[in-house]
Amino acid sequence: MINENHITVSKTARYYTLGTLNENTQQVWIVIHGFRQSAKSFLTEFEPLANSTTFFIAPEALNRFYTDKDGQQVGATWMTREDRLNEIKDYINYLDTLYANFNLSNFKGTITALGFSQGVPTVTRWLNVTQNKVHRLIVYAGEVAPELLPVKENSRLTETRNYFVCGNKDKFITAERLAMAKTAYKPLNFTEIFFEGKHEINADSLRSLVAEP
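Model, not experiment: these values are computed from the prediction.

Chemist: Describe the overall build of the chain, naming the residues involved and giving the relevant values.
Modeler: Helix and strand counts for the chain stand at 5 helices and 9 strands. Order of helices (α) and strands (β) in the chain, N terminus to C terminus: β-β-α-β-β-β-α-β-α-β-β-α-β-α. The C-alpha atoms of the chain give 17 Å as radius of gyration, which agrees with the globular expectation for 213 residues (17 Å, within 12%). With the C-alpha coordinates aligned to their principal axes, the bounding extent of the chain is approximately 60 × 45 × 45 Å.

Chemist: Break down the sheet that holds strand 2 (residues 27–32) for me, with residues and values.
Modeler: Read across the sheet, 7 strands follow the order 1-3-2-6-7-8-9 without closing on themselves; strand pairing throughout is mixed. Here the strands that pair on one side only, and so sit at the sheet edges, are strand 1 (15–18) and strand 9 (191–195). Taking the axes of each pair of neighbouring strands and ignoring which way they run, one obtains an average angle of 20° across the sheet. Where strand 2 and strand 6 (residues 110–116) come together, 6 bridges link them in parallel fashion. Directly across from Trp 29, in strand 6, lies its bridge partner Thr 112. Sitting on the sheet, helix 2 (residues 84–101) is in contact with strand 1, strand 2, strand 3 (54–59) and strand 6, with an inclination near 150° to strand 3.

Chemist: Help me get a handle on helix 2, residues and values and all.
Modeler: Under the 1.5 Å per step criterion, the end-to-end length of helix 2 is 25 Å for 18 residues, consistent within 8% with the ideal 26 Å. When helix 2 is considered as a whole, its buried residues turn out to be Glu 87, Ile 88, Tyr 91, Ile 92, Tyr 94, Leu 95, Leu 98 and Tyr 99. End-on view of helix 2: buried residues confined to an arc of 155°, all on one side of the axis. Among the exposed residues of helix 2, those oriented more than 90 degrees off its buried face are Leu 85, Thr 97 and Ala 100. At the exit of helix 2 stands Asn 103, carrying a positive phi of roughly 55°.

Chemist: Run through the packing of helix 2 against helix 3 (residues 119–129), naming residues and quoting values.
Modeler: Two numbers describe how helix 2 lies on helix 3: the axes approach to 10 Å, and their chain directions differ by 70°. One element, helix 2, and the other, helix 3, form an angle in the roughly perpendicular class. Along its contact with helix 2, which presents Arg 84, Ile 88, Tyr 91, Ile 92, Leu 95, Asp 96 and Tyr 99, the element helix 3 presents Pro 121, Thr 122, Arg 125, Trp 126 and Val 129. Taken together, the residues of the contact of helix 2 with helix 3 break down into 8 nonpolar, 1 polar and 3 charged.

The rules behind the values
Once a new chain begins, its residue numbering starts again from 1 and follows that chain's sequence as written. In keeping with the predicted nature of the model, local features appear solely for residues at pLDDT of at least 70, side-chain atom pairs appear and are counted solely at 80 or more, and the whole-chain, interface and lining totals rest on all residues. Hydrogen atoms and water are omitted, and side-chain values are computed over all heavy atoms in the structure. Secondary structure is summarised from DSSP: a helix means a run of H or I of at least four residues, a strand means a run of E of at least two, and numbering begins at the N terminus for each. Throughout, radius of gyration means the C-alpha value; the globule benchmark is 2.2 Å times the number of residues raised to the power 0.38. Should DSSP find at least two bridges between two strands, the strands are taken to pair. Here the axes come from fitting lines to C-alpha atoms, over the contacting stretch only for helices, and the angles between their N-to-C directions go from 0 to 180 degrees. Any two residues having at least one pair of non-hydrogen atoms within 4.5 Å are treated as being in contact. Multiplying one less than the number of residues by 1.5 Å gives the expected span of a helix. The buried label goes to any residue with under 20% of its type's maximum accessible area, the exposed label to any with over 50%, and the partly exposed label to all in between, with areas taken from a 1.4 Å probe on protein chains only. The arc under discussion is defined with respect to the helix axis, by the directions toward the C-beta atoms. Under this scheme an angle from 65 to 115 degrees is roughly perpendicular, one under 35 degrees roughly parallel, and one over 145 degrees roughly antiparallel; angles in between are oblique. Note that Gly is not counted as nonpolar here; it falls among the polar residues with everything else outside the nonpolar set of Ala, Val, Leu, Ile, Met, Phe, Trp, Tyr, Cys and Pro and the charged set of Asp, Glu, Lys and Arg.

Put into structure tokens, the structure is as follows:
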């Protein structure tokens, strides 16, 4: 008989940063990449927003794989359907550990968590259970984790200032899915930001949030 078993092991996780965290920092952004992406390439999308008072942290998902047939390009994924509950538990612990690594519980400025595409269910699952303070949630071209819907009154997602950002030509966020999302997400009081573009990070769509005190 074949039996499934599990053990907990330590694993080295990789993350990238943009900017400097010091006494002048007013904002910290934790940005969660999507499926098939790497943290480094994802973080380059935020370079136009870099300034002396904003610090970006881009954790990379714990599961990497080749994205091309020649084995030259590597991407990462936060989870698959295989052993998903343990993968969710692992990345929640990972994000909490990363938060603690920067001692953000003592940070006096604004902390923003952004998820892009597959990063949206990832970041919403984390925010729903973490005890760490986050002031703003940005759902970027993705969907809130389905098991968190309908949104409960005591959901921790109702404690953040919430933003929904999407390109008007995003092939994954169809008009039908957008209409459904607006209904499902109503308790989260999203401020909507739309831009001219596809399924991508558009730095200009975030400029007002970087400038926001």
